[in-house]
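Chain by chain, the residues run as shown.
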Amino acid sequence: MSHPALVIAPVIIPLSTAMLTAWAYRRPALQTAISLAGVLAFLLAAIGLLQSVDAQGHLAMQFGNWEKPFGIAFLIDRTGASLVLITALMGTASLVFLLSDADPGSRHPLTLPLVHGVLAGVSGSFCTADLFNLYVWFEVMLICSLGLFAIGRRIDQLDGTFKYMALNLVGTLLLLMSVGMIYAATGHLYFGALSEAYATLPPGLALALLTALTLAFLMKAGAFPLFAWLPAAYHTLPAPVLALFAGLLTKVGVYTVLRTLGDVFTPAPGLLMEALGWIAVATMVTGVLGAAYHWDIRRILAFHIVSQIGYILLGIALNTEAGFTATLFYTLHHIVVKANLFLIGAIVWFWTGSYDLRRVGGLYAARPLLAVLFLIPALSLVGIPPLSGFWAKFLVLQEAIAQGRVAWTVAALLVSVLTLYSMMKIWMEAFWKPHPEGALAPVQGRIWPAYLATTSLAGITLWIGLAPQHLLAFAQAAARSFNL
Amino acid sequence: MTWLLALTIWVTLSTGLYLTLSRDLLRCVLGLAIVGSGANLLLFLTGRIGSGQPPVVPLGETVLSQAANPLPQALVLTAIVIGFALMCFSLVLVLRLIERQRTDDVLDLRLAEPPGGDGVKPPLPTPAADAREART
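Residues numbered from 1 in each chain as written. Chains lettered and ligands numbered in written order. Predicted model: local features only at pLDDT ≥ 70, side-chain atom pairs only at ≥ 80, totals over all residues. Heavy atoms only, no water.

Caption draft 1: Seen up close, empty space enclosed by the protein. Residues and elements named next belong to chain A. For the coordinates displayed, the defined rule picks out three cavities of 30 Å³ or more. Residue lining of the largest cavity: Phe 138, Met 141, Leu 142, Ser 145, Tyr 164, Asn 168, Lys 220, Trp 229, Leu 249 and Thr 250, and that is the complete set. Elements represented by at least two residues in the lining of the largest cavity include exactly helix H5 (131-150), helix H6 (155-186) and helix H10 (239-264). Per-element accounting of the lining of the largest cavity gives the leading share, four residues, to H5. Of the residues assigned to the lining of the largest cavity, the class counts are six nonpolar, three polar and one charged. (1 Å grid on protein atoms, 1.4 Å probe; cavity = no way out; pocket = protein on both sides within 12 Å on 5 of 7 lines; lining within 4 Å. Points joined across faces, edges and corners; volume = space filled by probe spheres on them. Helix = DSSP H or I, 4+ residues; strand = E, 2+ residues; numbered from the N terminus. Nonpolar A, V, L, I, M, F, W, Y, C, P; charged D, E, K, R; others polar.)

Laid out in structure tokens, this is it:
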């Protein structure tokens, strides 16, 4: 494939798949076939894109051939390309999982078009090099995810949708206003031109503008204290969609913080980075404490999304090449692990019929392989060596210690212990203790696609854990190309 | 003129935020719509205010002088369309919620997050919510 097509492939392929699946509205079998073909094409294109970007540094495209800095541009560097690939991987895993009978939701005919719409929005945000265009991709994501929340039509889903919508709408409006004010101050929207114009801005104005922009992104990322929309809504979703959202949506917010503060507006104001570090610590702590209260597997894991966002933000707040390396490494590892945990939670639901830990049990005796499958991402989330989470946390904490950030390091280590408590709670209750009703009731249904998806994701976690040097070298190269 | 517009934006945003903070579902959504209008006004102000000349290059010339900045108008148009779609969605959503729950008070909407039982552990889900039929 020629390069120009490759640059827009991460957006064009999901968008066309969304259109085609919407067209096949009345024929579920055809719709599923189109959806799987589309996501596989997306995956192949993402692999091709990553290879070209790794060889050339970055790929760019000016739409309509307007000269820079006018017109809308896509610019995909190593960071963007790796995140596009992980988006495609998560899309594939979720859509394969959707073929199983483990909590697939209502299988509404609009589910598949909306899922592909979300994929397009996510990868569009990773590719674009234009601030207003970024806002548009955020809106694409928001509208498609609202649709996925609401099509279940259960009353708790509608309730969750409202809270998700109201808080996210405030976030996008804040984003829109900050984009407008940044344009008014600099006269540019293209990242490269913004980067140059930033140097001429008065420091006070730059701090105010960047604070507004970062606040909007942090709201999307689910950082303290703006994460209330996430645990209020996520657990109402069907499992494959939930895994997709948990893996990708908040990470887009984190990526945009990294892109703006680490690459475009550099050097970022020191005060803002200091504040970001403390926000990261508060996010870690509140997230993990929220998780400790809950007994529903999905709600425990939803709070852990918030907690882990704290670690990723901490890497950005350290504001060095090593910090950004750690952030990218952590993000890539975390997307896989988090989505996998939600999917395994759905398999637990499939065998036991409940997500509440007080109603389940006895799975280690009945399904020992599932127990092993759960332990891989669970211990990786905690950061037990040699799994991927250990290396991710090691990279963040190594840099935090190198900068003498004792308070941040201690907080991060304590949060790891509490994360271990949460994961062991799930382990003891769901797998180790006997089932409250004596034995598991037999279940009918197709489950092999669920195992296929989760085993593959666990394989990726193991690969990152046992051979971290490949991903680490890649993340270092990606951070080195940032405009520090 | 700029100050007048700035004052208008301030009034619009304050009105919108006040309504958004309301416990009433419909007021909350209307407040978000008004905040959206405030954001659109702000975007409009980001170009130069003053010139009313259309940004069209006359035949034979290459450079425009004294024309309005067309970019904010394109941005505002995009934002208006997106805002309109979201507003339609949220109004339908709120109407459906009011219809199903017979209340427009946000504090009564605890369906996704049921309030705690004994204060130490969250309440057990109802058997109906756990049932396979309810989730498929």
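Caption draft 2: Fine view of the state of the cysteines. In the structure shown here, the tally under the stated rule is zero disulfides over all chains. The structure places no disulfide on Cys 127 of chain A, whose sulfur is separated from the nearest cysteine sulfur, that of Cys 144 of chain A, by 16 Å. Unpaired in terms of disulfides, Cys 28 of chain B finds its nearest cysteine sulfur in Cys 88 of chain B, a separation of 17 Å. Owing to a relative accessible area of 6%, Cys 28 of chain B belongs among the buried residues under this scheme. (Disulfide = S-S within 2.5 Å. Buried < 20%, exposed > 50% of the residue type's maximum accessible area, 1.4 Å probe, protein only.)

Caption draft 3: Spatial organisation of the interface of chain B and chain A. Listed by partner, the interface residues are 47 residues for chain B and 54 residues for chain A. Summing both partners gives a buried area of about 4,400 Å² for chain B against chain A, and 70% of it is carried by carbon and sulfur. Scanning the region where chain B abuts chain A turns up one salt bridge. Across the pair Arg 299 of chain A and Glu 113 of chain B runs a salt bridge whose closest N-O atoms are separated by 3.3 Å. For the interface between chain B and chain A, the tally reads nine residue pairs in polar contact (both at pLDDT 80 or more). Sorting the residues of the side of chain B that touches chain A by element identifies helix H2 (25-45), helix H3 (71-101) and helix H5 (132-135) of chain B as the ones contributing at least two each. Tallying contributions element by element places H3 of chain B first for the side of chain B that touches chain A, with 15 residues. Class assignment of the residues belonging to the side of chain B that touches chain A gives a composition of 29 nonpolar, 10 polar and eight charged. (Contact = heavy atoms within 4.5 Å. Buried area = accessible area lost by both parts, 1.4 Å probe. Salt bridge = Lys/Arg side-chain N within 4 Å of Asp/Glu carboxyl O. Polar contact = N/O pair within 3.5 Å; in protein donor to acceptor, adjacent residues only side chain to side chain.)

Caption draft 4: Structural detail: the nonpolar core. All names here are of chain A. Core analysis: the biggest nonpolar cluster contains 214 residues, and Tyr 234 and Phe 245 have the highest contact counts within it. At 20 residues, the largest contribution of residues to this core is made by helix H13 (residues 321-352). In this structure, Phe 245 is in contact with Val 118, Ser 145, Leu 148, Phe 149, Tyr 234, Leu 237 and Thr 250, ignoring residues within four places of it in sequence. (Core = buried A, V, L, I, M, F, W, Y, C linked by side-chain atoms within 4.5 Å.)

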